[in-house]
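Structural characterization, general
Next come the chains, spelled out residue by residue.
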Amino acid sequence: MARPAHGQAALTIDEGTPLSEALSTLRTQTSLDVVYADRLVQDRTTSCRYQGAEPLDALQCVLDGTGLQAERIRRNQYVLVVEPSSPPETDPYDNRRVSLSGRVRDADTGEALPGANVVMRDMQAGTISDRSGYFVLSSLPPGPYRVRISYLGYQPADTTLTAGGGTARIALAPRSIESEGITVHDRTAGVAAQEPMAGHVALALDQIDALPSLGESDLLTSLQWTPGVQRSGVISGGLSVRGAPTDQNLYLLEGAPIYHPWHAFSLISTFQTETLKRTTLYRGAFPIEHGGRLSAIVDAQLKDGNRTEPRARAAISALSGRFQIESPLSSSTSFMVAGRQSYIDRIVGREHPVEQGGRRDTMRTGYVFYDTSAKLTTHFNDRHRLSVSYYHGRDDLDLRLPFDLSLDFSSWLRPTNLFFEVDQNWSNRMVSAQYQAIPDDAVVVNLTGYYSGYRANEASFVQPTTTASLRSDYAVSVDELGLRGAVDLYSSMAHQWKAGAHVSHLAFSSSLNSEVQRTTTSSDVELQETNRRAVKLASYAQHAWMPTPRWEVQTGARLSYFSSGQHLHLRPRINAQYIAHPDWLTVQAGFSGHVQPLHRLRDRFSLAYDLVSTRWVPSDRNVRPAEGWQATLGARSRPTTSLRLEMNTYARWTRHTLIPRDASRTKDGLEGPGIELGALLGQYTTARERAAGIEGELHWTSGPWRLQQNLSLSRTLTQPLSSSSPGYRPADLDIPWSMRSALTWKPGRFEATLAGTLRSGYPLSTPVASYRVGDVDGSEPIRFLHRPYTNNDRLPAYGRLDASVGYQFDALGGAWQARIHIYNLFNYRNVVGRTYESSDGGVLANNQRGVPLLPLFELQLAL
């Protein structure tokens, strides 16, 4: 069709031209995209003479006399259907609008595959499967459609599915992903099959093993390979996402929150990687159904269990031994159960009888952690599914050691009058039930009920002198009982709706029973207890609009209410995606507001409580919820099959966060202000924060080689509102620049990885002067350091190279994998902390060095 003059166009289709050929000519010469079932146009011919400026008139000219008509799906996209006047007995197609739906699963295990890409190849449209592997494309004319289904680590399936033919079952066969070589992989499948959320990352869980670790693959440790994600400590500590405090992350397991997802003093996470089906990290831009935090969400799903045959896995590492069993119970029901426990107490021993100079005593060095996961899933039919999940994890520490410890470990096991005892434990427990119903192909209902509990107990006894002692018994707990429901309506190819609600009841408690023995005749006893309860309500609605195959816009709002303090907030959620080219460029953007009604705090004075645990404090009339706004912009490109590039920028503003009032305060006193919330809150002040950054990722593969490189440039600044400081200062977790690289070589059964980390040091409050204050009577002067500024300095840059070597082999009827992890390969002792003390020469700095070279092992067996 040409346009000779004045916006006019001419189209000439000769008599007897096949309709498919005429439509192809029209499609290539106009902006219209016309899709159809091949059987519908087979054996139909047409002729047309058209001159004008309207493409729709040209399309009608082509269809005249064919018995077909065009119906609009979305802008510039039409589908062919049979005209109502056509005799139904001459053609099986009618003008009903139906849905094309199905479930995607693993061909070997029957496990549902959430997040699978489903693309209609002729229509340049698609979707992704939900948490249960279900997908639907609505408002289509009945008939067959060519569809491509793909999922990371599986062979893609090209098939023909029939709209209106019921729920299809698609099984994808696993395959080796050496050629893709992406350790942290964001889905890069076809057009219109992407979540339009800038900064979200779906982890390739089966590639985590290749990364060097502290003895065993760990989910939350592997997240550090995402730009902008750091540990708050060097090898331990919570995750900081884009410079935010660690309490601004929400950890979900089976839809239930986990309040302390760490073992071994935050050394490894409570999540066993082998038990997980899917894990997604959302940075800044959250799904509409999630809220309650400001920085990030980690959403993890347990495996349903193998539905085809029993399978088992066992492993031992330098940290723990673990197992996993999964099996079908029937054709529609399966289960998975897993457990893990550390064993260092079995090697070192928990109790050590000692004797010296006729004196006898028993020293204790007991520590153990363990966790258990289980899930039972049943499919009543294609439209009803139920799963019940359970998780319990616990750490126990039992110590009795001399008060004057040194680095000479042999001096620990000796009788002494001056000693300390510690009996601490902390645990998480979760029960979740998830039910899915599909009353109609285009309507999906999801219900989740859950209980999540966190407990921490600290019992301690300190004998610093022969007459003075401290005895303390301290406990904190958080209990949450919740119910959430959501309805997804797929009304058409261009419009999708989501609405839902979430209600939960929270209970917070803490208690302290302590006694300070000053002399043999003088002691102070303190008994305190606090209890708080709150109800949290949320409702939301979202509309996803896809006006063209290249555009998707999600607009929604989330209304939240917190009963403690009567706080009500309405916040928008806006996400957009534009596909400039399916391979070369996809652009995503988002803007959203978030509210966090809980603050996590720790006493900063006394050794009697809050040694390991922290307390979650609910907002009330005096303590406002923390609020945040975040804008994100991202772009990704895959110019070749071996190269993927991604870049994200963000800006974040928060207010009503709580930071320490005295940042240089050390926790060194026997007594403190107590555990009453007023006393605890008095140690903190309200602050606001702003952050901005740019993040880049590169993933490259070539044969047995794969390379991952990421770079982050950012600043996170905070301003305490009660301080006399005139402006912003670096936040405690501000990292201006950070780089990570991982190079893996896997020629076959052998695999080797080198991984390097280089970043700026954490902020540091450096004293500017040292003073001595004394009396004229000649008594020893008191020394103190003057710190007028907070975070006015920075630790030296941190750099480390790790290595991992693994080998796979078959023996004794099982598949084995042996791996050695080497932490800090070059044995470079980074400066990870610095303390100061006053001396005659001024301020004396003492550097704390990081962990030296540390080789660790892991052995896995799969049956």
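Preceding block: the structure.
These notes cover the structure that comes with them. Per-chain numbering applies: the sequence of each chain, read as written, is numbered from 1 onward. Note on the predicted model: pLDDT of at least 70 is required for a residue's local features to be given, and 80 or more for side-chain atom pairs to be given and counted; whole-chain, interface and lining totals, by contrast, use all residues. As a rule here, side-chain values come from all non-hydrogen atoms in the structure, and water together with hydrogens is ignored.

**What to know about the overall build of the protein chain**
How we decide: Helix numbering and strand numbering both begin at the N terminus, where a helix is a DSSP run of H or I of at least 4 residues and a strand a DSSP run of E of at least 2. We call two residues contacting when some pair of their heavy atoms lies within 4.5 Å. Accessible areas in this description were obtained via Shrake-Rupley with a 1.4 Å probe; residue shielding takes into account the shown protein chains only. Under this rule, positive means Lys or Arg and negative means Asp or Glu; His and the chain ends count for nothing. A single reference atom marks each charge: NZ on Lys, CZ on Arg, CG on Asp, CD on Glu.
Along its length, the protein chain carries six helices and 53 strands. The C-alpha extent of the protein chain, read off along each of the three principal axes, is 115 × 70 × 50 Å. Relative to all contacts within the protein chain whose residues are 6 or more apart in sequence, the contacts with residues 24 or more apart total 66%. For the protein chain, the accessible surface area stands at approximately 35,900 Å², while carbon and sulfur atoms represent 55% of it. Distance between charge centres in the protein chain, computed from 87 positive and 86 negative side chains, equals 2 Å.

**Details of the state of the cysteines**
Among covalent bonds in proteins, the disulfide is the one between the sulfur atoms of two cysteines. So the rule is basically this: For the purposes of this analysis, a disulfide is any pair of cysteine sulfur atoms at a distance within 2.5 Å. Whether a residue is buried, partly exposed or exposed follows from its accessible area with a 1.4 Å probe, protein chains only, as a fraction of its type maximum: under 20%, in between, or over 50%, in that order.
Inspection of the entire model under this criterion finds one disulfide. Covalently, Cys 48 is tied to Cys 61 through a disulfide, its sulfur atoms 1.9 Å apart. On the sign convention where negative means left-handed, the S-S torsion of about 125 degrees between Cys 48 and Cys 61 marks this disulfide as right-handed. Separated by 13 residues along the polypeptide, Cys 48 in strand β3 (residues 45-52) and Cys 61 in helix α3 (residues 55-63) bring together distant segments of the chain. Exposure remark for Cys 48: the relative accessible area of 3% places this residue in the buried category.

**Regarding the sheet that holds strand β2 (residues 33-35)**
Threshold: Strands qualify as paired when DSSP identifies two bridges or more between them. Axis definition: a line fitted to C-alpha atoms, over the contacting stretch in the case of helices. Angles run 0 to 180 degrees between N-to-C directions.
Within the open sheet, the three strands sit side by side as β2-β5-β4. Their pairing is mixed. On the outer flanks of this sheet lie β2 and β4 (68-74), each paired with one strand and no other. Ignoring which end each strand starts from, the neighbouring axes of this sheet average 35 degrees apart. Sheet topology places β2 next to strand β5 (residues 77-82); three bridges connect them, and they run parallel. Across the sheet, Val 35 pairs through a bridge with Val 79, a residue of β5. Each of β2, β4 and β5 touches helix α1 (residues 19-29); the most contacted strand, β2, lies at about 155 degrees to it.

**Remarks on the pattern of salt bridges**
The condition that has to hold: Within this document, salt bridges are pairs made up of a side-chain nitrogen of Lys or Arg and a carboxyl oxygen of Asp or Glu, the two lying within 4 Å of each other.
Taken as a whole and assessed by the stated rule, the structure comprises 35 salt bridges. For Lys 375, the salt bridge is made with Glu 254, and the minimal N-O distance between the two is 3.2 Å. Taken together, the residues Lys 375 in strand β26 (residues 359-381) and Glu 254 in the loop between β16 (249-253) and β17 (256-257) connect sequence positions 121 residues apart. Judged on exposure class, the residue Lys 375 and its partner Glu 254 are both buried. In this structure, Arg 655 engages Glu 627 in a salt bridge whose closest nitrogen and oxygen atoms are separated by 3.1 Å. Linking Arg 655 in strand β39 (residues 643-660) with Glu 627 in strand β38 (residues 626-640), this pair joins segments that are 28 residues apart in sequence. Owing to a relative accessible area of 2%, Glu 627 belongs among the buried residues under this scheme. A single network of salt bridges, built from pairs that share partners, joins Glu 111, Glu 254, Lys 277, Asp 304, Lys 375 and Arg 385.

**Considering the packing of aromatic side chains**
Quick reminder of the rule: Pairs were defined over the aromatic rings of Phe, Tyr and Trp, the Trp ring being its six-membered one, requiring ring centres within 6.5 Å. Orientation was assigned from the angle between planes: stacked under 30 degrees, edge-to-face over 60, tilted for the rest.
What the rule picks out here adds up to eleven aromatic pairs. Relative to Trp 616, the ring of Tyr 259 lies with its centre 5.7 Å away and its plane at 75 degrees, an arrangement referred to as edge-to-face. With Tyr 259 in the loop between β17 and β18 (262-263) and Trp 616 in strand β37 (residues 615-618), the pair connects residues that are 357 residues apart, well separated along the chain. Taking relative accessible area as the criterion, Tyr 259 reaches 4% and is therefore assigned buried. Among the residues examined, Trp 616 registers a relative accessible area of 7% and is labelled buried.

**Considering the environment of Leu 59**
For Leu 59, the position within the fold is in helix α3. Of the residues examined, Leu 59 reaches a relative accessible area of 3% and is grouped as buried. Each residue touching Leu 59, except ones within four places of it in the same chain, is listed here: Leu 23, Leu 26, Leu 32, Val 34 and Ala 70.

**Here's the deal with the sheet that holds β17**
Taken in spatial order, the five strands line up as β13-β20-β21-β16-β17 in an open sheet, and their pairing is mixed. Among the strands making up the open sheet, the edge pair consists of β13 (201-202) and β17. As paired elements, β16 and β17 share two bridges and run antiparallel to each other. From the neighbouring strand, Leu 252 faces β17, where its bridge partner is Pro 257.

**Looking at α3**
Burial in α3 covers these residues: Pro 55, Ala 58, Leu 59, Cys 61, Val 62 and Leu 63. Directly beyond the C-terminal end of α3, a positive phi value near 85 degrees is found at Gly 65.

**Points about α1**
Operational definition: Here the arc refers to the set of directions running from the helix axis out to each C-beta atom.
Among the residues making up α1, those that are buried are Leu 19, Ala 22, Leu 23 and Leu 26. With its buried residues spanning 95 degrees around the axis, α1 presents them on a single face.

**Notes on unusual backbone geometry**
With phi around 55 degrees, Glu 254 is a residue other than glycine that occupies positive phi space. For Asn 827, which is not a glycine, the phi torsion comes out positive at approximately 55 degrees. Looking at the element boundaries, Asn 827 is found in the loop between β50 (814-823) and β51 (831-839). Asn 827 gets classed as partly exposed once you look at its relative accessible area, which sits at 40%.

**Digging into the side chain of His 569**
Applicable threshold: For the purposes of these results, a polar contact is taken to be a pair of N or O atoms within 3.5 Å, where, inside protein, one atom must be able to donate a hydrogen and its partner to accept one; residues adjacent in sequence count only when each atom of the pair is a side-chain atom.
In this structure, His 569 sits in strand β34 (residues 567-581). We classify His 569 as buried; its relative accessible area is 10%. A polar contact is formed between the side chain of His 569 and the side chain of Glu 627, at a distance of 3.4 Å. Among all residues touching His 569, those that are not within four sequence positions of it are Arg 558, Leu 559, Ser 560, Val 595, Pro 625 and Glu 627.

**Some details on the nonpolar core**
Going by this rule: Among buried residues, those of type Ala, Val, Leu, Ile, Met, Phe, Trp, Tyr and Cys that are joined through side-chain atoms within 4.5 Å constitute a nonpolar core.
Core analysis: the biggest nonpolar cluster contains 34 residues, and Tyr 259, Tyr 454 and Leu 598 have the highest contact counts within it. Put simply, the parts of the chain that give this core at least two residues each are β26, β27 (384-402), β28 (419-440), β29 (443-462), β30 (469-490) and β31 (495-517). Aside from chain neighbours lying at most four places away, what touches Leu 598 is Tyr 259, Arg 293, Leu 506, Phe 508, Phe 562, Trp 616, Val 617, Pro 618 and Ser 619.

**Describing a nonpolar patch on the surface**
Threshold: Only residues whose relative accessible area exceeds 30% and that take part in no salt bridge are eligible for patches, with like-charged residues grouped when within 9 Å of each other and nonpolar side chains (Val, Leu, Ile, Met, Phe, Trp, Tyr) grouped when within 5 Å.
There is a patch of nonpolar side chains on the surface, built from Trp 700, Trp 705, Leu 743, Trp 745, Phe 750, Val 805 and Tyr 807 and spanning about 610 Å² of accessible area. Put simply, the parts of the chain that give the nonpolar patch at least two residues each are β43 (737-745) and β49 (798-811).

**Let's talk about the packing of α1 against α3**
Where we set the bar: Reported orientations rely on four angle classes, namely roughly parallel under 35 degrees, roughly antiparallel over 145, roughly perpendicular from 65 to 115, and oblique for the rest. Think of it as three bins: nonpolar holds Ala, Val, Leu, Ile, Met, Phe, Trp, Tyr, Cys and Pro, charged holds Asp, Glu, Lys and Arg, and polar takes everything else, Gly as well.
With their axes 10 Å apart at the nearest point, α1 and α3 run at an angle of 170 degrees to one another. It follows that α1 is roughly antiparallel to α3 by the angle criterion. Contact residues: α1 offers Leu 19, Ala 22, Leu 23 and Leu 26, while α3 offers Ala 58, Leu 59, Val 62 and Leu 63. Tallied by class, the residues present in the contact of α1 with α3 amount to eight nonpolar, no polar and no charged.

**Here we look at the pairing of β26**
Judged from the nine bridges that link them, strand β24 (residues 333-342) and β26 form a sheet pairing that is antiparallel. Looking at β26, one finds that Thr 333 is bridged to Thr 378. Here 17 bridges tie β26 to β27, and the two strands are oriented antiparallel to one another. Looking at the pairing, Arg 364 lines up with Arg 400 of β27.

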